[in-house]
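The primary structure of each chain is shown beneath.
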Amino acid sequence: MNFDTYSRCPVCTSKNIHFYKNGSFDFQTINRDLIKITDSDYGKTWDLWKCLDCGHIFANPYPRQEFIHSLYSTSEDPLYEEEAQGRGKNFIGILTILEKFHPEKGKLFDVGAATGILLDQAKHLGWIPSGIEASQWCVRVAKEKHKIHLMEGDFVAVEMKKNLFTAVTMVDFIEHIPQPFEAVSKAFKILSPGGTLCLVTPDIESFAARITGKRWWHFRPAHLAYFSMGSISKMLERAGFKIVKVKKYVWTFSAHYLLSRLRPFKFLIKNAALGSFWKKIPIKLALKDSYEIYARKEN
Ligand SMILES: [Zn+2]
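Residues numbered from 1 in each chain as written. Predicted model: local features only at pLDDT ≥ 70, side-chain atom pairs only at ≥ 80, totals over all residues.

Chemist: Sorry, what's going on with the sheet that holds strand S15 (residues 290–296) here?
Modeler: Strand-to-strand pairing in sheets goes through backbone hydrogen bonds, with the strands running parallel or antiparallel. Spatially, seven strands are ordered S8-S7-S6-S9-S10-S15-S12 in an open sheet, and the strand pairing comes out mixed. Two strands in the sheet have a free side with no partner beyond their single neighbour: strand S8 (151–152) and strand S12 (242–248). The sheet contact formed by strand S6 (residues 107–111) and strand S7 (residues 128–133) spans five bridges and is parallel. Within S7, the position partnered with Lys107 by the bridge is Ile128. (Pairing = 2+ DSSP bridges. Helix = DSSP H or I, 4+ residues; strand = E, 2+ residues; numbered from the N terminus.)

Structure below.
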């Protein structure tokens with residue numbers, strides 16, 4: 001069986017969960033193309049349920065962990081790597097804050113490391129980088145392009161020792177998996193006492209989410225859950241963390257990426273020379289519709 005249903009909230013275990021919104025695609029058709037990081041086919045959701053105790057909104061039924069992992073393990077996304085420069089800028093802010101908490105740096109572990117862009121930057125800033133990634137293609141690109149050696153596998157399922165890392169990063173990861181609490185608990189386990197988790201995930205209660213409604217760009221088949229401050233704090237505290245800093249995440253994309261996402265402008269990037277011109281123009285998008293949360297494993 002590839003799918004299952006929740007009878008309790010996956011974040012807080014409450015039984016007070018109710019149907020929230022009809023899905024807008026046939027979830028049985030989920031495949032590796034529908035879950036690409038750079039998939040532009042947004043506006044599509046699973047059947048969503050809501051927990052009335054913590055506010056968490058989640059796919060129900062949902063794809064089982066082994067099944068969704070098998071889709072990611074064989075997925076390839078060259079467009080993601082083309083955006084390396086823009087994505088790199090997104091991560092500098094995170095590394096700057098982690099460095100304030102841990103001036104001595106140390107070992108940093110990135111969960112859902114993709115092609116290793118965050119870890120490559122962390123390495124240049126003096127951290128000892130490591131991480132895990134489901135996609136075999138991403139693991140290969142990380143090794144060949146950035147000389148970053150990632151574990152290939154499923155973070156929730158893999159065996160890891162405790163107290164290993166100064167910092168753990170999870171950027172746009174927990175909304176992709178059916179067991180977010182288990183992932184955050186695993187991060188707690190592998191962090192050293194005093195270590196910090198940085199969690200980035202879309203905020204379904206953000207202004208952008210409210211005004212764009214069904215067309216919100218984070219509504220996509222790859223997203224199995226939608227968090228708000230209520231559910232994130234519940235999840236982190238239940239796992240043992242103390243939240244130490246909350247901010248809104250600022251995305252940087254190239255002009256090329258944005259134009260390629262907007263159908264009326266696609267003609268502007270078809271010409272190869274013009275296309276590479278757009279790739280060099282960074283655009284900062286202060287959409288403020290994702291949370292960037294820092295949580296500490298207390299001594
Ligand atoms: Zn809940």
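Chemist: Would you mind showing me how to read the nonpolar core here?
Modeler: Where a protein is soluble and globular, its nonpolar side chains tend to be buried together. Among the nonpolar cores identified, the biggest contains 73 residues, and Val168, Met170, Val184, Ala187, Leu197, Cys198 and Leu199 are the most heavily contacted of them. Residues within four places of Val184 in sequence aside, it is in contact with Ile174, Met235, Leu236 and Ala239. (Core = buried A, V, L, I, M, F, W, Y, C linked by C-beta atoms within 7 Å. Buried ≥ 20, exposed ≤ 12 C-beta atoms within 10 Å, placed from the backbone. Contact = placed C-beta atoms within 7 Å.)

Chemist: Looking at this structure, how should I read the pairing of strand S9 (residues 165–171)?
Modeler: Within S9, seven of the seven residues are buried, leaving the element largely enclosed by the surrounding structure. Pairing analysis gives three bridges linking S6 to S9, with the strands arranged parallel. Note on S9: the bridge partner recorded for Leu108 is Ala167. Two elements, S9 and strand S10 (residues 191–202), share six bridges in a ladder whose sense is parallel. Pairing of Phe165 across the sheet is with Leu191, part of S10.

Chemist: Quick question: what am I supposed to make of the packing of helix H6 (residues 180–190) against helix H8 (residues 229–239) here?
Modeler: Helix packing geometry: the angle between the two helix axes and the distance between the axes. Where H6 contacts H8, the two axes come as close as 9 Å, and the packing angle between them is 45°. What the angle tells us is that H6 and H8 run oblique. Along this stretch, H6 crosses H8, giving a crossing that reads as right-handed. Every residue of H8 that contacts H6 at Pro180, Phe181, Val184, Ser185 and Phe188 is listed here: Met235, Leu236, Arg238 and Ala239. Among the residues forming the contact of H6 with H8, the class breakdown is seven nonpolar, one polar and one charged. (Axes fitted to C-alpha atoms, helices over the stretch in contact; angles between N-to-C directions. Parallel < 35°, antiparallel > 145°, perpendicular 65-115°, else oblique. Left-handed = near helix turned anticlockwise from the far one by under 90°. Nonpolar A, V, L, I, M, F, W, Y, C, P; charged D, E, K, R; others polar.)

Chemist: Would you mind going over helix H5 (residues 136–146) with me for this structure?
Modeler: At 3.6 residues per turn, the α-helix brings residues three or four places apart onto the same side. Buried residues of H5: Cys138, Val139, Val141 and Ala142, and no others. Each buried residue of H5 lies within a common arc of 165° when the element is viewed along its axis, so the set occupies one face. As for H5, its buried residues are in contact with helix H2 (78–82), S7 and S8. Positive phi appears at Lys147, one or two residues downstream of H5, with a value of about 55°. (Arc of directions from axis to C-beta.)

Chemist: Looking at this model, I keep getting lost on the sheet that holds strand S2 (residues 17–21). Mind explaining?
Modeler: Reading across the sheet, the four strands line up as S2-S3-S4-S11 and stay open at both edges, with antiparallel pairing between neighbours. Because the sheet does not close on itself, it has two edges, and the strands there are S2 and strand S11 (225–226).

Chemist: Is there a simple way to explain H8 in this structure?
Modeler: Considered for burial, the residues of H8 that qualify are Ser231, Ile232, Lys234, Met235, Leu236 and Ala239. On its buried face, H8 sits against H6, S12 and S15. Downstream of H8 by a residue or two, Gly240 has a phi angle that is positive, lying close to 110°.

Chemist: Explanation requested: the environment of Ile17 in the structure shown.
Modeler: Here Ile17 lies in strand S2. For Ile17, a count of 23 C-beta atoms within 10 Å puts it in the buried group. When the C-alpha positions of Ile17 and Lys50 are compared, they lie 5.5 Å apart, and in sequence the two are 33 residues distant. In this structure, Ile17 is in contact with Tyr6, Arg8, Cys9, Trp49, Lys50 and Cys51, ignoring residues within four places of it in sequence.

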